[in-house]
Amino acid sequence: ANLQCYPEVSCVDLSPPSLVAECATCPNGTVGDGQYCEDYNECVGDRSYTHNCSTIEYCRNVIGSFECVCIEGYERNSQGVCEDINECDNPVCHQVCVNTPGSYHCDCVAGLTLSSDTFSCEPIVSCATSKCDTESQLCAMIASNEICFCKMGFTPSETDSFSCQDSNECDTQLCTQECENNIGSYSCLCNSGYSLSTDNRTCVDVNECVTSATCEDTFVCSNLIGSFKCVDPLNPFPFNSSTPIYFLDIPAIVAGSVFACVTFVLILIILLYIFYKDIWR
């Protein structure tokens, strides 16, 4: 019987006096006898030494090979190297942002402490009565003095040294689609066909075929980025009615061809007659 080897594995005839053949070695990234090969997972167990991912990458197995992916907090630069993402480039903290390898943390100035949300600040000792603007400012008692601080979402005023003004977070492009500035805050909005992810900034495609789309009984739903369409399984690629369609008039083409041939033959006969008429005489 013919020896069936794994795809991309050649069948090798053994030298006489052997009457059999054998399969060559399995492709790189797979293991087996050449007739049957299976993927070799370079990322697990004792095999993990076979990949060359760095300490800021994790190994992801793919069929026949593996790839190194940057861990959270890092991204691959133009040279192909994973580098730290500076989360502090965006206004994620109320007052002080400290970037760390692969992450960040927020901190507060003296007199304030980090609140339970880990990014906004609150007074260590609040004022009993306050001269501060309650809408835009916090009041903290520091060394028996009332000190006003701008709340998160506000910045020191450009017109005086004691008031705070709303900070337009939408100027920093925090949202992937639409941004709506609010007093002391902002909201990210998504276009139709998208929904806001858990980070409250990123818009992701909604699969309407799972959530809300309805098609006629004979049609099936096909999800698109930001939308969907109902497709007829028997005619999945219908023509666009706005596109002109040209049909060949076969009888007219045949009739024209016959006429052209008859005309050519008649002209040829006339020319031959003129050429040979004197010879015939």
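Everything numeric here is computed off the predicted structure, so don't read it as measured data.

## What to know about the overall build of the protein chain
Within the protein chain, the secondary structure is distributed over two helices and 22 strands. By residue count, 20% of the 281 residues in the protein chain fall in the buried class. Excluding contacts between residues fewer than 6 apart, the proportion of contacts in the protein chain whose partners are at least 24 apart in sequence is 17%. About 20200 Å² of surface is accessible on the protein chain, with carbon and sulfur atoms providing 56% of the total.

## Examining the confidence of the model for the protein chain
Averaged over all residues, the pLDDT of the protein chain is 83; the fraction at 70 or higher stands at 86%. Here residues 239–248 is a poorly scored stretch, pLDDT under 50, and it has two contacts once near neighbours within four places are set aside; other chains count.

## Some words on the side chain of His94
Mapped onto the secondary structure, His94 falls in the loop between strand E8 (82–84) and strand E9 (96–100). Judged by its relative accessible area of 14%, His94 falls in the buried class. Excluding its chain neighbours within four sequence positions, the residues that come into contact with His94 are Phe119, Ser120, Cys121, Leu138, Cys150, Lys151 and Met152.

## What to know about the pattern of salt bridges
Pairing between side chains of opposite charge can happen when the charged atoms of each approach one another. Applying the stated criterion across every chain yields a total of two salt bridges. For Glu57, the salt bridge goes to Arg76, with nearest N and O atoms at 3.1 Å. With Glu57 in strand E5 (residues 57–62) and Arg76 in strand E7 (residues 74–76), this pair connects stretches of sequence that are 19 residues apart.

## Concerning the nonpolar core
Core analysis: the biggest nonpolar cluster contains six residues, these being Cys108, Leu112, Cys121, Leu138, Ala140 and Phe149. The residues contacting Cys108, other than those within four sequence positions of it, are Gln95, Thr113, Leu114 and Cys121. Within the second largest apolar cluster, five residues are counted, among which are Cys5, Val9, Cys26 and Cys37.

## Structural notes on the environment of Ser115
Among the secondary structure elements, Ser115 is positioned in the loop between strand E11 (112–114) and strand E12 (121–123). Look past the residues within four positions of Ser115 in its chain and what remains in contact with it is Ser120, Cys121 and Glu122. Separated by 2.7 Å, the side chains of Ser115 and Asp117 make a polar contact.

## What to know about unusual backbone geometry
Excluding glycine, residues mostly have negative phi values, and the peptide bonds linking residues are mostly trans. Positive phi, normally seen in glycine, also occurs at Thr118, with a value near 70 degrees. Looking at the element boundaries, Thr118 is found in the loop between E11 and E12. The backbone phi angle of Ala143 is positive, close to 55 degrees, even though this residue is not glycine. Position of Ala143 relative to the elements: it lies in the loop between strand E13 (137–142) and strand E14 (145–150).

## Notes on the state of the cysteines
Working definition of a disulfide: a covalent bond connecting the sulfur atoms of two cysteines. For the coordinates displayed, the defined rule picks out 16 disulfides. The disulfide bridge from Cys93 ends at Cys106, spanning 1.9 Å between sulfur atoms. One disulfide, between Cys93 and Cys106, carries an S-S torsion of -75 degrees and so falls in the left-handed class. Of this pair, Cys93 sits in the loop between E8 and E9 while Cys106 is found in strand E10 (residues 103–107), placing the two residues 13 residues apart along the sequence. A relative accessible area of 6% places Cys106 in the buried class. Between the sulfur atoms of Cys209 and its disulfide partner Cys221 the distance amounts to 2.0 Å. Here the S-S torsion is close to -80 degrees, and the disulfide linking Cys209 with Cys221 is therefore left-handed. One end of the pair, Cys209, is in helix H1 (residues 208–211); the other, Cys221, is in strand E21 (residues 220–224), and twelve residues separate them in sequence. Exposure remark for Cys209: the relative accessible area of 28% places this residue in the partly exposed category. Free cysteine Cys11: the closest other cysteine sulfur is in Cys5, separated by 4.4 Å.

## Concerning the pairing of strand E18 (residues 185–189)
A regular strand carries its side chains on alternate faces of the sheet. Sheet topology places strand E17 (residues 178–182) next to E18; five bridges connect them, and they run antiparallel. Across the sheet, the residue bridging to Asn182 is Ser185, located in E18.

## Description of the pairing of E21
Note: E21 against strand E22 (residues 227–231), five bridges, orientation antiparallel. Bridge pairing in E22 links Ser222 to Lys229. Between E21 and E22, which follow one another and run antiparallel, lie two residues, and Gly226 among them has a positive phi close to 80 degrees.

## Concerning a nonpolar patch on the surface
A surface patch of nonpolar side chains, amounting to about 660 Å² of accessible area, comprises Val262, Phe264, Val265, Leu266, Leu268, Ile269 and Leu272. By the element assignment, Leu266 lies in helix H2 (residues 250–280).

Reading the values: the criteria
- Every residue gets a number counted from 1 within its own chain, in the order that chain's sequence is written.
- Only residues with pLDDT of 70 or above have their local features reported here, since the model is predicted, and side-chain atom pairs are shown and tallied only from 80 upward, although totals for entire chains, interfaces and linings are computed over all residues.
- No hydrogens and no water enter the side-chain calculation; it runs on all heavy atoms of the structure.
- Strands are runs of DSSP state E lasting at least 2 residues, helices are runs of H or I lasting at least 4, and numbering of each runs from the N terminus.
- Relative accessibility decides the category of a residue: with a 1.4 Å probe and only protein chains considered, values under 20% of the type maximum give buried, values over 50% give exposed, and everything between is partly exposed.
- When checking whether two residues touch, look at their non-hydrogen atoms; a contact exists if any pair is within 4.5 Å.
- What sets the accessible areas is the Shrake-Rupley method with a 1.4 Å probe; for residues, cover comes only from the shown protein chains.
- Confidence scores per residue from the predictor, reported as pLDDT, run from 0 to 100.
- Any carboxyl oxygen of Asp or Glu that lies within 4 Å of a side-chain nitrogen of Lys or Arg is treated as forming a salt bridge with it.
- Residues grouped as a nonpolar core are buried Ala, Val, Leu, Ile, Met, Phe, Trp, Tyr and Cys residues, joined through side-chain atoms within 4.5 Å.
- As used in this structure description, the phrase polar contact means that two N or O atoms lie within 3.5 Å; if the pair is within protein, one of them must be able to donate a hydrogen and the other to accept it, and residues adjacent in sequence are counted only when both atoms belong to side chains.
- Pairs of cysteine sulfur atoms within 2.5 Å are identified as disulfides in what follows.
- Strand pairing is assigned whenever DSSP identifies at least 2 bridges connecting the two strands.
- Residues with no salt bridge and a relative accessible area higher than 30% make up the patches, which join like charges within 9 Å and nonpolar side chains (Val, Leu, Ile, Met, Phe, Trp, Tyr) within 5 Å.

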